[in-house]
Amino acid sequence: MDDATIRTQVSVPLRFPDGYATKAEVFTFHGLVDNREHIAFGLGDWRDTLARDEAPLVRPHSECLTGDVFGSERCDCGPQLREAVERISNAGGLLLYLRQEGRGIGLYAKLDAYALQDTGMDTYEANLALGHGEDERDYTPAAQMLRALGVSRIALLSNNPDKEEQLTSLGVAVTKRVPTRLHLSPANAGYLAAKARYARRTVEPDWLAS
């Protein structure tokens, strides 16, 4: 894995629709393996956490335009992002915002998958029907960003065992996996059930891969 370098660092105040506000150090990078514009948010006293030789709380969060920006209730992405920013700000850590819409298949293909889900397929079956993998996300850029920021070990904020497996294989030491909360609504119940079934096929005892 080639090294990435920090391209730009800028301070950005954040405010969410519910009024929660915090400040982030936002980083861009040169040399990411897929040439996409992934960014890292340094939240809370993350530098002090590193200085104490502690593992910062880190969430790799895959972009979801419909959920993160427009509040779509078909998924739990927006609430997970909101939860992650506050928890990481309190603990001191990093949110890695990865441009991997639709588990890596892209926005248009994700919306095509939505159309298939409306006929009865689940989110994974729809991806396969479109000729994609169930989950095409690659966390190599996340590992590159962490290395560029001087982070070699993390507490991983995720329910997804694949994130831990990929990051570990890429040389990131995951000291523990911290589960996210369940953000259940009538509109996303089927989606969350599909994630539960998928996670049970991978690594027990986790039940949500997000």
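Now for a description of the structure that goes with this document. Treat the numbers as computed from the prediction; the structure is a model and nothing was measured.

1. Considering the packing of aromatic side chains
Here's step 1: Scanning all chains against the criterion turns up two aromatic pairs.
Here's step 2: Between the aromatic rings of Phe-16 and Tyr-20, the centroid separation amounts to 6.3 Å while the plane-to-plane angle is 40°, which identifies the pairing as tilted.
Here's step 3: What makes Tyr-20 buried here is its relative accessible area of 16%.
Here's step 4: With a centroid separation of 5.9 Å and an interplanar angle of 85°, the aromatic rings of Phe-27 and Trp-46 are classed as edge-to-face. Of the two residues, Phe-27 sits in strand β2 (residues 21–30) while Trp-46 sits in helix α1 (residues 46–51), which places them 19 residues apart along the sequence.
Here's step 5: Taking the relative accessible area as the measure of exposure, Trp-46 reaches 2% and is therefore buried.
Here's step 6: Seen from the ring of Tyr-114, Arg-74 lies directly overhead, with NZ or CZ sitting 4.3 Å from the centre.
Here's step 7: The ring of Phe-16 has Arg-82 lying over it, and the distance from NZ or CZ to the ring centre is 5.8 Å.

2. A short note on the pattern of salt bridges
Here's step 1: Within the structure shown, the criterion is met by 13 salt bridges.
Here's step 2: Across the pair Asp-53 and Arg-153 runs a salt bridge, and its minimum N-O distance is 3.6 Å. Linking Asp-53 in the loop between α1 and β4 (57–62) with Arg-153 in strand β6 (residues 153–157), this pair joins segments that are 100 residues apart in sequence.
Here's step 3: A relative accessible area of 29% places Arg-153 in the partly exposed class.
Here's step 4: Measuring nitrogen to oxygen at the nearest pair gives 2.8 Å for the salt bridge that ties Glu-164 to Arg-177. Of this pair, Glu-164 sits in helix α8 (residues 161–169) while Arg-177 is found in strand β7 (residues 173–178), placing the two residues 13 residues apart along the sequence.

Rules of the game
- Residues numbered from 1 in each chain as written.
- Predicted model: local features only at pLDDT ≥ 70, side-chain atom pairs only at ≥ 80, totals over all residues.
- Heavy atoms only, no water.
- Phe/Tyr/Trp six-rings, centres within 6.5 Å; stacked < 30°, edge-to-face > 60°.
- Buried < 20%, exposed > 50% of the residue type's maximum accessible area, 1.4 Å probe, protein only.
- Helix = DSSP H or I, 4+ residues; strand = E, 2+ residues; numbered from the N terminus.
- Lys NZ or Arg CZ within 6 Å of the ring centre and 35° of its normal.
- Salt bridge = Lys/Arg side-chain N within 4 Å of Asp/Glu carboxyl O.

Keep in mind these values describe shape, not function.
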